[in-house]
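What follows is the residue order along each chain.
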Amino acid sequence: MRPDREHAFLGVPVLLMVHNYEEMLTIERALPRVVEHLPASLAAFVPTLEQMYFALALATVIPWVIFLIARFGTRAGVALLLLLQCIVLVNVAWHAAAAVFLRGYAPGLVTAIAFNLPFSIYLLRRAYREEWIRRRTLLVFLPLAVLLHGPLIFGVIQLARG
């Protein structure tokens, strides 16, 4: 893989690590606010603090694994990394919606807006412009990311629950 492309790809796990760290630092304060804003029937599904820490650890390790797969230059690895970045872009909207729902700050909001949004636009535009994968595939990834975002978060939290 070309070094400049590898550096661009490195932004995916590094920025997700920073983002997840922000969430880890702020989730303890937010969980009670989330529970109080939800109907009782849904509040039971809110993970514990320990489960959130484990889920955030998984959500940090998995992008590094995907980066390593992409680093070897396989078309599938590159596609998987770009799909992950599309999911990160959807996650930015999720954090903005969570902030509206909580009527204030939501864990991860600052890094989502300040880092993940501009980096997503940069990386996906560059992938499109330099044809790292087929353009049609990249255009399919955005709606696919919308469909995958919620189930992936739910799945990671379920893994954390054991």
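Note that the coordinates shown come from a computational prediction; the quantities given were computed from them, not determined experimentally. (Residues numbered from 1 in each chain as written. Predicted model: local features only at pLDDT ≥ 70, side-chain atom pairs only at ≥ 80, totals over all residues. Heavy atoms only, no water.)

**Student:** What is the right way to read the environment of I153 from this model?
**Tutor:** As for its placement among the helices and strands, I153 is situated in helix α6 (residues 135–161). Counting along the chain gives 17 residues from I153 to R136, while the straight-line C-alpha distance between them is 26 Å. (Helix = DSSP H or I, 4+ residues; strand = E, 2+ residues; numbered from the N terminus.)

**Student:** What is the right way to read the nonpolar core from this model?
**Tutor:** Nonpolar side chains in soluble globular proteins tend to end up buried together. Membership of the largest hydrophobic core comes to 27 residues, with the highest contact counts inside it found for F9, L82, L123 and F141. Looking at this core element by element, the count peaks at 10 residues for helix α4 (residues 75–102). Excluding its chain neighbours within four sequence positions, the residues that come into contact with L82 are F9, L123, L124, A127, I133, L138 and F141. V46, L49, V156 and I157 belong to the second largest nonpolar core, which has 9 residues in total. (Core = buried A, V, L, I, M, F, W, Y, C linked by side-chain atoms within 4.5 Å. Buried < 20%, exposed > 50% of the residue type's maximum accessible area, 1.4 Å probe, protein only. Contact = heavy atoms within 4.5 Å.)

**Student:** Even after reading the chapter, I still don't get the pattern of salt bridges, so can you show me in this structure?
**Tutor:** A side chain with one charge may pair with a side chain of the opposite charge, provided their charged atoms come close. For the structure on display, the rule yields 4 salt bridges. Between R71 and E6 there is a salt bridge, with its nearest N and O atoms 2.5 Å apart. Placement of the pair is R71 in helix α3 (residues 49–71) and E6 in helix α1 (residues 3–37), with a sequence separation of 65 residues. Residue classification places R71 among the partly exposed residues on the basis of a relative accessible area of 37%. The salt bridge partner of R126 is E130, with a shortest N-O separation of 3.0 Å. A relative accessible area of 7% means that R126 is categorised as buried. A relative accessible area of 32% means that E130 is categorised as partly exposed. One salt-bridge network, held together by shared partners, links D4, R126 and E130. (Salt bridge = Lys/Arg side-chain N within 4 Å of Asp/Glu carboxyl O.)

Limitation: the analysis is restricted to geometry and does not speak to function.
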